Structures are given as structure tokens and as C-alpha cells.
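# Results of the structural survey
These are the residues of each chain, in order.
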Amino acid sequence: MNTKRNWLWLLMICSALAVFCSSANTKEIFVATNGSDSNAGTQSSPKASLRGASYIAASGDTISLRGGTYRWGVNQGVNCSGVLIRSYPNEWAVIDGTGVSYQAVTIYGSNNTIQSLEIKNSSGNGLVIDKASNVTVKWCRIHNNQDHGIYARADQWEQNYNTVIDGNTLYRNCLRNTSTGNGAWPSGIGVTLCHNATVKYNTVYETKGEGIRMSLTRGGSMFANTIRDCFSIGAYLDHATDVSLYGNFIYSTGNTAYYRNGVPMMGIQIGNEPYAFSNSTARCKIYNNVVVNTASGFKYYHRNGTGWVNCLVANNTFYKSAYALVSLDNGGSAVSGNEFTNNIVLQTGSVSRFGGSSSGVWFNRNSWFGGNGGGIGGSGDGTLYSDPRLVNPASTSYSAANYKLQSSSPCINAAKSLTSHFTTDFDRLDRGSPWEMGAFRF
């Protein structure tokens, strides 16, 4: 008798039974516009609200909202964990927050996925992830809310880990902000006091505040987002440590409804605004971004002593701004160890390419051209002051491909290799060797 083989078969049978029992114990809970929260939540006897469905949901369950518009009038707090919340396949559920006193939907439980929902018209935030970890929000459409479209938050460190905000469309949020710039500062997507958050492949536009903001964050990334026509800033790292911001396309179409003080939004901004908590803006990597027609393409905003330390700004393409295309506040000794390398800074008109203080920043192998001058670099360090010859930078089609290099560009094979930091370009193609300046390989 082969005891070892018998034990192996027994283990396989037990594993299969465990999977079967787990699957058998999960359920799909239905919500419909004609349902009642006193119902069982079956397809023929659906619940009326997301909150009502969440009371009977357990880990592994799915809450499916049937197509239609839901006007519950109260915040839908979701306390369950390990649940998929979605529109029923091939239908579209719209959560209308009209009359809700604060936010339309709040996720309190961890390990949940929210996908394929529309959330609109809240007098506060659209969707809030409140002190919950391992929550994913994807493929949602969130718009016309007074505050944040999506807001992942905590009250203190160690309360929110691994939020993923992926592939959503957000527009016309932050509506409580005033056109004079004296209102509040919510964001299309806001992430605060979170660890290892990922914000990727989202489209954010026509926002009366900031496009995407990660503040008081540790670890994580913001990549492959398209951000346009926001009132304040496109992408903002504020008191962010060890965050990577890359492969984003950020631009203004010239829609003056989203201008602040007569100019478009800032493109990429890093800073340290006053908070009750403190976290250094340190060891961040900002690369492979394309930033077009903004107030400044890249801005360091200094407001307190935590400063800007040991960050890399590399292989970005900055084109056209109302103020200096690269603008750095003087942070004194709080700014140190930063590197600005392989960037294309292409200005137009009579506006400066560079403004502010270069203290604490090493500039190396950048391309500076256009405008009325300005640029940091010395003889023999690979700095270029000639036309980078982009494909079609003045085009109003607003395609990132317009900012690729022509075959005659002096930026080809002119950059420093940074393979210890990243190896691909804006299109996530391998950069090969030698490298090009700007966001694209040739």
C-alpha cells in the first residue's frame, strides 16, 4: 500500500471540497429600483439600496445593482468586506446623490471592489474610501459632485493600505470651489494618509479643483492618467514620500472656464502645505510625463520646513506655459539632493523657460529652448539649447504623440541612462541604449 500516494489523493480531495464549499457559500445579492430593503436580495426579490444589500453581504459575495437611477437621499455606507459591488452585466446603475448631506457612497470595509457604477450630484464627495484597505475602484463614471469625485482617506497613519483607483472617468467634480480661487480645494481623485495607493489609467477633466492629488502618502504610484482642464493643478504630490508619478498626459485645451486668475492649471506640482501631520516630500520619481499648455509645467511649492529631498525629475516633456515652464520656490536648506535630468523644456512666446531657485537641485542633460531664455546647465554637461524638433507640438488635437521626436532631433541618443530608476518610456516601450531626452524613445 502506497501511504504517501493515498495521503496525496486525500489532500487533493479535501482541497477540492474546500473550494466547492467556499463557492457554494457565496451569493449574489441584487438591488433594483423597484426593490425593498425588507426583501431577501434575490433576483426576484431585490433589495432597494446598496446599504441594505451590504448588511447581508459576506466575503466572496457580489452585490449587483440592476440598471436604472437610484436616488436614496442618504449616504450609502458599506461596512461589509471582501465583496464585489457592480452594475449587473450589460446594465448600467446610476447613483444620484441629489439631497445627500455629505457623500453619495462610503466604503468602510476592506478588500472590496467597486466597478462599473455611475455616481453623480452629491452635495459632498462622490465615493469615499474611509479607513479601509485593499479597496479597488475601477471603470466607474463619477461626475458633478460638489467635493472630491473619489476620495481615499484616513484619520491617521496605518489605517489605509493598497487602494487602487483604476480606469475611471471623472469630470465636473469639486463644484463647490469658486471661480475666483477662494473656495475649498477638493480633487477629482484625492488620496490622503494612505500607504501604497495606485492611481492609474483614469481620465480626469473639467474639475474645479485639482485633478489628482496624493497628499501625506507613503509609497504608491500615479501613472498613465489623462488629466485636462482643471482649475488648480493637474497632478499634485504634497507631503508624498516614495511615490512614482509617470506616463501621465496633462494639458489644458484653453477652456477659460477652468482658468484660475486668467491662466490654466499648474501641470505637475510637488509641495509641502501646512497640515497637522508631517511627511517629507522625498524620494519621489517623476518621469515620462507629457505636460502641455499649463501655468507652469513643473512647479515646486514651498510652504513649510519638510521641503523637497532626493527626488528625481527625468525624461519629461514640458511644452508651453503662462509662467516659467519650470518654476521652483526657494526652500533654502529644506531642498536638497534632487536631480532634474533628460527633460525637454520647450517654451513659446516671451515667457521664461526657468524661474525661481536652483538651490538643492542638480540639473544635467536637459533640452531648453524657446521663450525669452532661462535654463540651467553648464558647458560640457550635455545640456542642449537648440530646437528639440518635436513632431507637432503646436497642434490642438492634444495627442501625446505630437510630442515625440522627429528623426532630426538633437535629443536622440543625447540623454543619460537611468536604468536603475526606470527602463521604459511614455508608451511603456523599452528605452534601449543610448537614451533620448524627453518622454519618448525614438
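An account of the accompanying structure is given in this report. None of the values given here were measured: they were computed from a predicted structure.

Okay, the pattern of salt bridges next. Two side chains of opposite charge can pair, provided their charged atoms sit close to one another. Enumeration over the complete set of coordinates arrives at 20 salt bridges. Across the pair Arg66 and Glu91 runs a salt bridge whose closest N-O atoms are separated by 2.7 Å. Here Glu91 lies in the loop between strand S5 (84-87) and strand S6 (93-96) and Arg66 lies in the loop between strand S2 (62-65) and strand S3 (68-70), a separation of 25 residues in the sequence. Its relative accessible area of 22% is what places Arg66 among the partly exposed residues. By relative accessible area, which is 28% here, Glu91 ends up partly exposed. For Lys404, the salt bridge goes to Asp427, with nearest N and O atoms at 3.4 Å. Of this pair, Lys404 sits in the segment after strand S38 (367-369) while Asp427 sits in the segment after S38, and the two are 23 residues apart along the sequence. Given a relative accessible area of 31%, Lys404 falls into the partly exposed group.

Turning our attention to the pairing of strand S17 (residues 195-200). As paired strands, strand S14 (residues 164-166) and S17 are joined by 3 bridges and run parallel to one another. Counted as the bridge partner of Asp166 is Lys200 from S17. Both S17 and strand S19 (residues 210-223) contribute to a ladder of 5 bridges, which runs parallel. Residue pairing in the sheet places Lys200 in a bridge with Phe223 of S19.

What follows covers the environment of Ile376. Tracing the backbone through its elements, the reader meets Ile376 in the segment after S38. On the basis of relative accessibility, which here comes to 25%, the residue Ile376 falls in the partly exposed class. On a C-alpha basis, the gap between Ile376 and Val105 in space is 48 Å, while along the polypeptide they are 271 residues apart. Setting aside chain neighbours within four positions, we find Ile376 in contact with Phe354, Ser358, Phe363, Trp368, Thr383 and Tyr385.

Right, let's talk about empty space enclosed by the protein for a bit. Taken as a whole and assessed by the stated rule, the structure comprises 2 cavities of 30 Å³ or more. What lines the largest cavity is simply Tyr246, Gly247, Asn288, Thr424, Asp425, Phe426 and Arg428. For the lining of the largest cavity, the class distribution of residues is 2 nonpolar, 3 polar and 2 charged. Taken as a whole, the second largest cavity encloses approximately 30 Å³ of empty space.

So, on to the side chain of Asn343. Summarising the element assignment, Asn343 is placed in the loop between strand S34 (338-341) and strand S35 (344-346). Of note is the side chain of Asn343, whose polar atom sits 3.1 Å from the backbone oxygen of Thr341. The contact partners of Asn343, leaving out residues within four places of it in the chain, are Val313, Ala314, Asn315, Asn316, Phe318, Arg365, Asn366 and Ser367.

Two cysteines joined by a covalent bond between their sulfur atoms form a disulfide. Counted under the stated rule, the structure contains 0 disulfides. There is no disulfide at Cys230, and the cysteine sulfur nearest it, in Cys174, is 7.8 Å away. Since its relative accessible area comes to 1%, Cys230 is described here as buried.

With 9 of its 9 residues buried, strand S21 (residues 233-241) lies for the most part within the structure. With 6 bridges connecting them, S19 and S21 associate as parallel partners. Considered in S21, the bridge of Thr217 is made with Ala240. In terms of strand pairing, S21 meets strand S24 (residues 266-272) through 5 bridges, oriented parallel. Along S24, the bridge assignment pairs Leu237 with Ile270.

Our focus in this paragraph is the packing of aromatic side chains. Under the defined criterion, the tally for this structure stands at 23 aromatic pairs. A ring pair is formed by Tyr287 and Phe422, whose centres lie 4.1 Å apart and whose planes are at 10°; its orientation type is stacked. Here the residue Tyr287 occupies a position in strand S26 (residues 285-287), and Phe422 occupies one in the segment after S38, the gap between them amounting to 135 residues. Neither Tyr287 nor Phe422 differs from the other in exposure class; each is buried. Grouping aromatic residues by their ring pairs yields a cluster made of Phe298, Tyr300, Trp308, Phe318, Phe340, Phe354, Phe363 and Trp368. A cation sits over an aromatic face here: Lys138 above Trp139, 4.5 Å from the ring centre.

Okay, the layout of surface pockets next. Any empty space left between the atoms is revealed when a probe the size of a water molecule rolls over them. In this structure, the largest pocket spans a volume of roughly 310 Å³. If you go around the largest pocket, you meet 19 residues; those closest to its centre are Ser232, Ile233, Arg260, Met266 and Gln269. Among the elements of the structure, S19, S21, S24 and strand S28 (298-302) are those that each provide at least two residues to the lining of the largest pocket. Residues of the lining of the largest pocket, tallied by class, amount to 11 nonpolar, 3 polar and 5 charged. In terms of lining residues, the second largest pocket is bounded by 13 residues, among which Tyr151, Thr192, Arg213, Ser215 and Tyr275 are the most central. Among the elements of the structure, strand S16 (187-192) and S19 are those that each provide at least two residues to the lining of the second largest pocket. Partitioning the lining of the second largest pocket into residue classes produces 7 nonpolar, 5 polar and 1 charged.

With respect to the helices and strands, Ser215 occurs in strand S19. Judged by its relative accessible area of 3%, Ser215 is buried. One polar contact links Ser215 to Thr192, side chain to side chain, over a distance of 3.0 Å. Beyond its immediate stretch of four places on either side in the chain, Ser215 contacts Val191, Thr192, Leu193, Asp238, His239 and Tyr275.

Here is what the cut-offs are and how they apply
Residues numbered from 1 in each chain as written. Predicted model: local features only at pLDDT ≥ 70, side-chain atom pairs only at ≥ 80, totals over all residues. Heavy atoms only, no water. Salt bridge = Lys/Arg side-chain N within 4 Å of Asp/Glu carboxyl O. Helix = DSSP H or I, 4+ residues; strand = E, 2+ residues; numbered from the N terminus. Buried < 20%, exposed > 50% of the residue type's maximum accessible area, 1.4 Å probe, protein only. Pairing = 2+ DSSP bridges. Contact = heavy atoms within 4.5 Å. 1 Å grid on protein atoms, 1.4 Å probe; cavity = no way out; pocket = protein on both sides within 12 Å on 5 of 7 lines; lining within 4 Å. Points joined across faces, edges and corners; volume = space filled by probe spheres on them. Nonpolar A, V, L, I, M, F, W, Y, C, P; charged D, E, K, R; others polar. Polar contact = N/O pair within 3.5 Å; in protein donor to acceptor, adjacent residues only side chain to side chain. Disulfide = S-S within 2.5 Å. Phe/Tyr/Trp six-rings, centres within 6.5 Å; stacked < 30°, edge-to-face > 60°. Lys NZ or Arg CZ within 6 Å of the ring centre and 35° of its normal.

In short, geometric facts, not functional conclusions.
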